[in-house]
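# A closer look at the structure
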Amino acid sequence: MQNPKSIVILGSGAWGTTLASLASKNGYDVRLWSRQGSVLLEDILEGAHIVLSAISMKGVASVVAQVQSLPVSPDTIFVTATKGLDPATTSTPSQIWQAAFPTNPVVVLSGPNLSKEIQQGLPAATVVASTDAIAASSVQAVFSSPSFRVYTNADPLGVELGGTLKNVMAIAAGTCDGLQLGTNAKAALLTRGLTEIIRIGNHWGAQTETFYGLSGLGDLLATCNSSLSRNYQVGYSLAQGKTLSEVLAELEGTAEGVNTTSVLIQRANAKGISVPISYQVYRLLQGEITPLSAVEALMLRDSKPE
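Attention in this report is confined to the structure presented alongside it. (Residues numbered from 1 in each chain as written. Predicted model: local features only at pLDDT ≥ 70, side-chain atom pairs only at ≥ 80, totals over all residues. Heavy atoms only, no water.)

## A word on the sheet that holds strand β2 (residues 29–33)
In a beta sheet, neighbouring strands are held together by backbone hydrogen bonds and run either parallel or antiparallel to one another. Let me state the cut-off plainly: Strands qualify as paired when DSSP identifies two bridges or more between them. Helix numbers and strand numbers start at the N terminus; a helix is a DSSP run of H or I with at least 4 residues, a strand a run of E with at least 2. Fitted lines through C-alpha atoms serve as axes, helices being fitted only where they are in contact, and the angles separating the N-to-C directions of these axes extend from 0 to 180 degrees. Two residues qualify as a contact provided that any one of their heavy atoms is within 4.5 Å of a heavy atom in the partner residue.
Read from one edge of the open sheet, seven strands run β2-β1-β3-β4-β5-β6-β7, paired in mixed fashion. This sheet does not close on itself; its edge strands, each paired only once, are β2 and β7 (148–153). The sheet shows a mean angle of 20 degrees between the axes of neighbouring strands, direction not considered. Pairing of strand β6 (residues 124–129) with β7, which is carried by six bridges, proceeds in the parallel orientation. Note on β7: the bridge partner recorded for A129 is N153. Taken strand by strand, helix α1 (residues 14–25) contacts β1 (6–10), β2, β3 (50–53), β5 (106–110) and β7, and its axis lies near 170 degrees from that of β2.

Put into C-alpha cells, the structure is as follows:
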C-alpha cells in the first residue's frame with residue numbers, strides 16, 4: 001500500500017493528537033479514537049489503511065485483543081508509537097501487535113519528540129522502522145512536513161528499545177539535576193546510560209548502530225534534558241523529597257519509565273544482563289534508597305576499564 005488515505009489513531013492523549021494533527025495537515029483522512037470516548041472501535045477501523053497506536057503501555061494488550069476480534073484488511077499497516085514494556089511478557093508494543101497480526105506490516109515510530117514543541121511548530125525529527133520497507137515509506141509520507149523530518153530504518157526492535165529504555169535514564173537524569181550534582185555528573189551518567197541501553201538492546205537482538213541514531217542517543221538527549229519530559233520530572237521531584245505516589249498524582253499523563261524500570265529489572269534478572277543504572281532507578285522507585293544514595297551507589301562502584 002504505497003498511497004494510504006485513511007489513518008486511524010488509537011489514543012487521544014498529547015502524542016496521539018499531535019500525530020493526528022501532522023497527518024491532517026498533509027491532507028489525510030484522520031480519525032482519532034479514545035478508550036474513554038463513545039465511538040465504537042469497529043466503526044472507526046472500517047476502511048483504515050493505517051492504524052497507529054499511541055495508547056499507554058497498560059492499555060496495549062487489551063486494545064490489540066479488541067482490534068484482533070474485528071475484520072482488518074491484510075494490507076492494513078499497524079504503527080506503534082507507544083514506549084514501554086508489557087509487564088506480563090516483557091514484550092515490546094510492536095511484538096504484541098506483530099504476534100496478533102503476523103501477516104500485516106508493523107512499523108515503529110520513535111524519536112526525540114516532545115509533543116508540546118511539535119505542537120508549537122518547532123523543528124523535530126523522528127524514525128519510522130520496519131522490516132517492511134514499503135510500509136515504512138508509506139508511514140514516512142503520512143507524517144513528514146517541513147518542520148517534522150521523518151527517517152526510515154530497518155531495525156524496528158532497536159528503534160523501539162531506544163525510545164523505551166531512555167525513559168529509565170531520564171528518571172536518573174532528573175534525579176541528578178534535582179540534586180544539583182552538576183554537568184560533569186550528568187554527562188557521565190548519560191554516557192554510561194547509553195552503554196547500558198546498547199547492552200540491553202544487543203542482548204535482545206537489536207543492532208548497535210541504531211542506538212546512536214535519533215531514537216537512541218537523540219531521544220536520550222531530549223528526554224534527559226527537558227522539564228517537558230514526564231520521566232525527567234519524576235526523577236527531579238523525587239530528588240526534591242516527594243514520594244513517588246505524590247509525584248505521579250501531580251503528573252500530567254503517564255511516565256512510562258516507572259513501569260518500564262520494573263519490567264526491565266524482571267527481564268535483566270531472568271536473562272543475566274548487567275543493568276547497574278536501571279537497578280538503582282528501580283530501588284529508588286521502590287523506596288528502598290534515597291536519591292542521593294542511588295547516585296552514590298553508582299559513583300562508588302569498583303574501578304574498571306571503560
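## Focus on helix α9 (residues 214–223)
Under the convention used in this document: In this scheme, a residue with accessible area under 20% of its type's maximum is buried, one over 50% is exposed, and one in between is partly exposed, where area comes from a 1.4 Å probe on protein chains only.
Burial within α9 is extensive, with seven of its ten residues counted as buried. For α9, the complete set of buried residues consists of S215, G216, G218, D219, L220, A222 and T223. Contacts from the buried residues of α9 go to β5, β6, α7 (156–178), α8 (183–204) and α10 (230–239).

## Examining the pairing of β5
In the case of a regular strand, side chains alternate between the two sheet surfaces. Put simply, the rule is: The definition of a right-handed crossover adopted here requires that, viewed with the strands pointing away, the path from the first strand over the helix to the second runs clockwise.
β5 sits mainly inside the fold: five of its five residues count as buried. Of the two faces of β5, the one carrying V106, V108 and S110 and the one carrying V107 and L109 are both buried. Strand direction decides the pairing type here: strand β4 (residues 77–80) and β5, joined by three bridges, are parallel. Bridge assignment links V79 to a residue of β5, and that residue is V107. Traced from β4 through helix α4 (residues 93–100) to β5, the parallel crossover comes out right-handed.

## Structural notes on the packing of aromatic side chains
The test is simple: Classification of ring pairs rests on two measures: the distance between centres of Phe, Tyr or Trp rings, Trp counted by its six-membered ring, which must be within 6.5 Å, and the angle between planes, read as stacked under 30 degrees, edge-to-face over 60 and tilted in between. To sit over a ring, a charge needs its Lys NZ or Arg CZ within 6 Å of the ring centre and within 35 degrees of the ring normal.
For the coordinates displayed, the defined rule picks out four aromatic pairs. Aromatic pair Y232 and Y236: ring centres 6.0 Å apart, planes at 25 degrees, arrangement stacked. In this pair, Y232 and Y236 both sit in helix α10, four residues apart, roughly one turn of the helix. Of the residues examined, Y232 reaches a relative accessible area of 9% and is grouped as buried. For Y236, a relative accessible area of 33% corresponds to the partly exposed category. Taken together through their ring pairs, the aromatic side chains of F78, W97 and F101 make up a single cluster. Sitting over the face of the ring of W204, R267 holds its NZ or CZ atom 3.6 Å from the ring centroid.

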